[in-house]
Amino acid sequence: EAVLADTQLGPLADGAVRLAIESFSVTANNVTYAVAGDRFRYWDFFPAPDGTGIVPMWGHARVIESHHPEIAVGERVFGYLPMASHL
């Protein structure tokens, strides 16, 4: 069962960055991540409320807030992201 949940963005910790996710790909691998989420601990990458999980995706994001001295607002990144609007 899929659930679309709205959450509030909390305060950003020292040394952390906030990303706005621009795009991600949905592939057969994402089905594997979901099916094997408990066994291979895919659910541990992006914490979610008890009984739910966030499927990991490969995609692009832009830094929209930074409390890290070496990462600037506006930088684009590629990597392992949650199926979400922000990280």
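The rules behind each value
Residues numbered from 1 in each chain as written. Predicted model: local features only at pLDDT ≥ 70, side-chain atom pairs only at ≥ 80, totals over all residues. Heavy atoms only, no water. Pairing = 2+ DSSP bridges. Helix = DSSP H or I, 4+ residues; strand = E, 2+ residues; numbered from the N terminus. Axes fitted to C-alpha atoms, helices over the stretch in contact; angles between N-to-C directions. Contact = heavy atoms within 4.5 Å. Core = buried A, V, L, I, M, F, W, Y, C linked by side-chain atoms within 4.5 Å. Buried < 20%, exposed > 50% of the residue type's maximum accessible area, 1.4 Å probe, protein only. Salt bridge = Lys/Arg side-chain N within 4 Å of Asp/Glu carboxyl O.

Participant: Explain the sheet that holds strand β3 (residues 76-82) to me, and be specific about the residues and the numbers.
Facilitator: Strand order in the open sheet formed by 3 strands is β1-β2-β3, and the pairing between neighbours is antiparallel. Looking along the sheet, the strands with just one partner apiece sit at the ends: β1 (17-25) and β3. Direction aside, neighbouring strands of the sheet carry axes that sit 45° apart on average. Where β1 meets strand β2 (residues 56-66), 8 bridges bridge the pair, whose relative direction is antiparallel. If you follow Ile21 over to β2, its bridge partner there is Ala61. The strands touched by helix α1 (residues 28-35) are β1, β2 and β3; relative to β2, the strand with the most contacts, the crossing angle is about 90°.

Participant: Before we move on, could you go through the nonpolar core and cite the residues and values that matter?
Facilitator: Within soluble globular proteins, side chains that are nonpolar tend to cluster in buried spots. Core analysis: the biggest nonpolar cluster contains 5 residues, these being Leu19, Ile21, Ala61, Val63 and Leu81. Mapped onto this core, the elements with two or more residues apiece are β1 and β2.

Participant: Describe unusual backbone geometry, with residues and values.
Facilitator: Of note in this structure, Arg41 is not a glycine but carries a positive phi near 65°. Assignment of secondary structure puts Arg41 in the loop between α1 and β2. We classify Arg41 as exposed; its relative accessible area is 56%.

Participant: Requested: an account of the pattern of salt bridges, with residues and values cited.
Facilitator: Opposite charge on two side chains permits them to pair, given that their charged atoms come into close proximity. Tallying each qualifying case throughout the model produces 4 salt bridges. A salt bridge links Arg18 to Glu65; its shortest N-O distance comes to 3.1 Å. Note that Arg18 is positioned in strand β1 and Glu65 in strand β2, a separation of 47 residues in sequence. A relative accessible area of 28% means that Glu65 is categorised as partly exposed. With its nearest N and O atoms 2.9 Å apart, the salt bridge here joins Glu22 to Arg62. Residue Glu22 is located in strand β1, and its partner Arg62 is located in strand β2; the two are separated by 40 residues in the primary sequence.

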